[in-house]
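One-letter residues, chain by chain:
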Amino acid sequence: MVEPVGNHYIVARAVYSENLFNEEHEKLHRYHKTFWDHLKLYFRCYPQRIKKIALGLFPIVSWLPAYRFREWILSDIVSGINTGLVAVLQGLAFALLVNVPPGYGLYAAFFPVLVYFIFGTSRHISVGPFPVLSLMVGGAVVRLVPDDPAGSTTQANISAIDEARVMVAASVTFLSGIFQLLLGILQFGFIVIYLSQSLISGFTTAAAIHVVVSQLKFMLQLPVPGFNKPFGIVYTLESIFSQITNTNIADLVTSLIVLLIVFVVKEMNDRYKAKLPTPIPIELIVTVLAALISYFVKFEEKFNVAVVGKLEEGFQAPVAPDVGVLQECIGDSISIAIVGFAVAFSVAKVYSIKHDYPIDGNQELIAFGLGNIVGGSFKGFASSTALSRSGVQESSGGKTQIAGIISAIIVLIVIVAIGFLLEPLQKSVLASLALGNLKGMLMQFKEVGILWRKDKYDCVIWVVTFLAAVFLGLDIGLATAVAFQLLTVVIRSQIPSCTVLANVGRSDIYRNRKDYTDVYEPEGVKIFRCSSPIFFANIEYFREKLITAVGFNPLRVLRKRNKALRKIRKMLKKGELQVTPKGLICIANHTQESEEELDNNSIEELDQPTNMKDLSIQINWDTDLPTGITVPRVNIHSIILDFSAVSFLDFSAMRVLQKTLKEFVRINIDVYIAGAHEGFLDKLKRCAFFDEEIKPSMFFLTVHDAVLHILLKKDIASCPKLKLAEVSLQFSSFTILVPLHYSQAPGSALHS
């Protein structure tokens, strides 16, 4: 019964063990579905389910009819134009990361947008090339189609290499799309939870470093081969610096000027975004000016700079992926599929929370999977979402994916009509534009210090991920990072937080006794809490901490007592001991036996409960024993294990826990388990955990119930009655005062 009295509350109820509570309160029997039940339900077919699946598979059917044409269309058109212009430039720039001709980046910026418009659930992300994915695809491209070792620069040879690389990029993209589609169909959208924010941040920062290094060859115009292997970044830098004297000064100066202008204007966009109606399209302005200057000054002829060159008008016929490439790039495709989805879903989730609408992870996988399949078929490369491009789409007023369609139309116009205008554009300008979009990723270095102060495990994950991805490559680095992250979870669960609790403020609240001054510990009672699941990897640690908390090893005490009993029986038989009302008295000098002689008993016999049935008295181990007989003193009579934070207990840990509890019970220490979650007791019963020594009656609802039960059971006369105490509990904006009485009368209830 609970009665509010002002800012107090009064609770009156019995002291409940699990058994007593279940006897007084009838528990409903619930049927728990089996795996086959879930499988049947999943494949069950009925009209409502078909409708739900159809609407889920085609989200456009839900949001397009509800489109507010008059309110949103103008904003979507403006946003789509801005986003489309950025998408064109990023498509050209990121194609350099893939090591394919720039024009193919336009295909990657066009087809996935059309597919996502139909199948995607986010209204604000801009689908298309992403620098990290482009670099990962480029790694596979360079590995399978390396530069000509003979150094041939004939047009025919360059065209053959480019065509082969385009085919590899398309095949890798197609296969990554297959993986994403399968994961979505199999409802594996939850896979993104295994990539923590720290891991993604460290990985994308490392990818930004790779992007910087990979673009140096275009900014300096140096023939640097690709090194897609561990420590490839070191070999790349070595190759660059060994040729640094051959730098094309015109490309270098152009790159530095473009970088400076882009960084300054982007900083202005960020600082004055509240005052600007739309961000200044600096990429577009720089591209137009650079193309015009290069065309009229004839940079290619005068300074021998590398330019975009001829862009094919229109689309190429779709092609089937190369089976040979598919077999060699399975690992690359899996990495690309997971990273692409993780980045896109993270960005989509931010915007869905900001604008209050739901997104579906499984449907996102299907949308990106189909987008990559279609894009790969038309010789595009892997798509996700670029943070900067999505920011442009959302900040310039985009309301729905209508803005995405408008951006795709802009890309289409460039592909079929005005692409020739970009032919004189220097590749070094595109490289600088690619680097200009990395500011956000490179600024993630600031997170290291913040993470170190907040969570050192997350900081270590960030650093290990960054170093692994930088030096081992993005594919091996990602696998290493995920493995290390899971290892930290194992380590943290393998070394759980174990504390000794005490009563705080004479209330029903129990906290770490080291953290408070006003604590009460019932005499002879140890309250031990483990704040982690208990399983095979940490059960020994749990046992060691429990033994440390109580101050003795129960198994050692048990063996010492059994040895002492054997010795007492021998002395009684020889007449060296006499039984008196005051206890055992030694009446003769006893010859000290060697430890080897005492240890003739087998270990199994020493581990059995002490048996004094054949003795005429019951030995009190806490009193003085006859000379020559020593047994460790035990200063507690009860242990309470707080299992409120133990979410599961596996079978291996269960066996060790049972053995440990028996050791305590055999030396006459009562053990109680409090706060175990629903189903814990049932699992122990199914696993035959209980016997004559370990019984279900040891389970109590709360630690406080177990403490009161012990006080009532022991009825210690020497323990003075606990005085009335008041403890102030702070809850939000109000205070609850809980006056508490401990009553030791048998059968009394808790009054507070």
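Along each chain, numbering runs from 1 in the same order as the chain's sequence is written. Only residues with pLDDT of 70 or above have their local features reported here, since the model is predicted, and side-chain atom pairs are shown and tallied only from 80 upward, although totals for entire chains, interfaces and linings are computed over all residues. Each side-chain value is derived from all of the structure's non-hydrogen atoms; neither hydrogens nor water enter the calculation.

Caption draft 1: Expanded view of the packing of aromatic side chains. When two rings of Phe, Tyr or Trp (its six-membered ring) have centres within 6.5 Å they constitute a pair, described as stacked for plane angles under 30 degrees, edge-to-face for angles over 60, and tilted for the intermediate range. On inspection of all chains with the given rule, the structure shows 28 aromatic pairs. Residues F528 and F542 carry aromatic rings whose centres are separated by 5.7 Å and whose planes lie at 70° to one another, so their mutual orientation is edge-to-face. Of the two residues, F528 is situated in strand β8 (residues 525–530) and F542 in helix α25 (residues 539–550); the sequence distance between them amounts to 14 residues. Look at F528 and you get buried, because its relative accessible area is 3%. A helix here means a DSSP run of H or I that spans at least four residues, while a strand means a run of E at least two residues long, and both kinds are numbered starting from the N terminus. Relative accessibility under 20% of the residue-type maximum defines a buried residue, over 50% an exposed one, and the middle range a partly exposed one, all with a 1.4 Å probe and only protein chains included.

Caption draft 2: Fine view of unusual backbone geometry. Look at Q221: it is not a glycine, yet its phi comes out positive at around 55°. One can find Q221 in the loop between α10 (197–220) and α11 (232–242). Residue D356 is not a glycine yet carries a positive backbone phi of 60°. Among the structural elements, D356 can be located in the loop between α16 (330–355) and α17 (361–377).

Caption draft 3: Looking closely at the environment of V374. Residue placement: V374 occurs in helix α17. With a relative accessible area of 28%, V374 lands in the partly exposed category. Considered as a pair, V374 and A170 are 204 residues apart in the sequence and their alpha carbons are 9.7 Å apart. Here, two residues are considered to be in contact whenever any of their heavy atoms come within 4.5 Å of each other. Setting aside its immediate chain neighbours within four residues, V374 contacts F111 and V115.

Caption draft 4: Just the pattern of salt bridges, in detail. Any carboxyl oxygen of Asp or Glu that lies within 4 Å of a side-chain nitrogen of Lys or Arg is treated as forming a salt bridge with it. All chains considered together, the criterion is met by 13 salt bridges. One salt bridge connects E71 with R68, and the closest N-O pair in it is separated by 3.7 Å. On the basis of relative accessible area, E71 is assigned to the exposed category, the value being 53%. Between R543 and E663 there is a salt bridge, with the nearest N and O atoms lying 3.0 Å from each other. Remark: E663 occurs in helix α29 (residues 651–665) and R543 occurs in helix α25; sequence separation between them is 120 residues. In this structure, R543 and E663 share a single accessibility class: buried.

Caption draft 5: Local environment of the pairing of β8. Counting buried positions along β8 yields five of six residues, so the element is predominantly enclosed. Following DSSP output, two strands are said to pair if at least two bridges run between them. Inspection of the sheet shows strand β5 (residues 498–504) paired to β8 by four bridges, in the antiparallel sense. Bridge pairing in β8 places L501 opposite I527. Here β8 runs beside strand β11 (residues 638–642); their pairing, made up of five bridges, is parallel. Paired with R529 across the two strands is D642, which belongs to β11.

Caption draft 6: Molecular detail of the environment of E238. For E238, the location among the structural elements is in helix α11. Separated by 14 residues in the primary sequence, E238 and V224 have C-alpha atoms spaced 9.7 Å apart.

Caption draft 7: Local environment of the confidence of the model for the protein chain. How sure the predictor is of each residue is captured by pLDDT, a score from 0 to 100. In this model, the protein chain carries a mean pLDDT of 83, and residues with pLDDT of at least 70 account for 89%. Across residues 716–752 the pLDDT falls below 50, and counting only partners more than four positions away or on other chains, this stretch makes 80 contacts in the model.

Caption draft 8: Representation of the side chain of Q243 in the model. Relative to the helices and strands, Q243 is located in the loop between α11 and α12 (249–271). When neighbours within four sequence positions are excluded, Q243 is seen to be in contact with L222, P223 and V224.

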